[in-house]
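Here is how the chains run, residue by residue.
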Amino acid sequence: MIRLFKVKEKQRELAENANGGAPIKKQSAGELRLHKDITELNLPKSCTISFPNGKDSLMNFEVSIRPDEGYYLGGTFSFTFQVSPIYPHEAPKVKCKTKVYHPNIDLEGNVCLNILREDWKPVLNINTIIYGLFHLFTEPNYEDPLNHDAAAVLRDNPKMFESNVRRAMAGGYVGQTFFPRCM
């Protein structure tokens, strides 16, 4: 029985090589699941997804979020996603490419979102992560910060926080840190 499958596989490879085609690369379970997630995406109008390495490289892509309410209204924030071959058993690695004054995103672009860490479950998907990121911009959380300074200002003085966010998004300094324009 096993030999039969090996013979069939060999015949398929020979047929592909005879036709001048390169052998077909077998997709990992993670690639198959990611392909399903991407085809079923239901993004908010203010979010877009792009594949800088082309559609053949689904495991690395970018998402842009343009919040339509809250402190970050009018800004555009880009995130890179690196998806492991063992996805969905491991959460994707997500980084913010846009330097942003935010309590849940540090200056290196690391993102503090519970579903990317301890609360990740294989039933979650890319759509869930994008909505989670979108939610961080509509309701930043000072209780679980990566940027402790921004969290303290948000908690203690929301008007000052709003002023700092506007200054950072317009391209300016907040304290000693310069933020490039993202509006």
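That block above? That's the structure.
Residues numbered from 1 in each chain as written. Predicted model: local features only at pLDDT ≥ 70, side-chain atom pairs only at ≥ 80, totals over all residues. Heavy atoms only, no water.

Q: How should I be thinking about the side chain of Thr138 in this particular structure?
A: Topologically, Thr138 is positioned in helix 3 (residues 126–138). Of the residues examined, Thr138 reaches a relative accessible area of 17% and is grouped as buried. Within the local environment of Thr138, its side chain forms a polar contact with the backbone oxygen of His135, the two atoms lying 3.1 Å apart. (Helix = DSSP H or I, 4+ residues; strand = E, 2+ residues; numbered from the N terminus. Buried < 20%, exposed > 50% of the residue type's maximum accessible area, 1.4 Å probe, protein only. Polar contact = N/O pair within 3.5 Å; in protein donor to acceptor, adjacent residues only side chain to side chain.)

Q: In this structure, what is going on with the pattern of salt bridges? I would like to understand it.
A: Taken as a whole and judged by the stated rule, the model has seven salt bridges. Here Glu40 makes a salt bridge to Lys36, at a shortest N to O gap of 3.2 Å. By relative accessible area, which is 43% here, Lys36 ends up partly exposed. Between Asp144 and Arg117 there is a salt bridge, with its nearest N and O atoms 3.1 Å apart. Of this pair, Asp144 sits in the loop between helix 3 and helix 4 (148–156) while Arg117 sits in the loop between strand 4 (93–96) and helix 3, and the two are 27 residues apart along the sequence. (Salt bridge = Lys/Arg side-chain N within 4 Å of Asp/Glu carboxyl O.)

In short, geometric facts, not functional conclusions.
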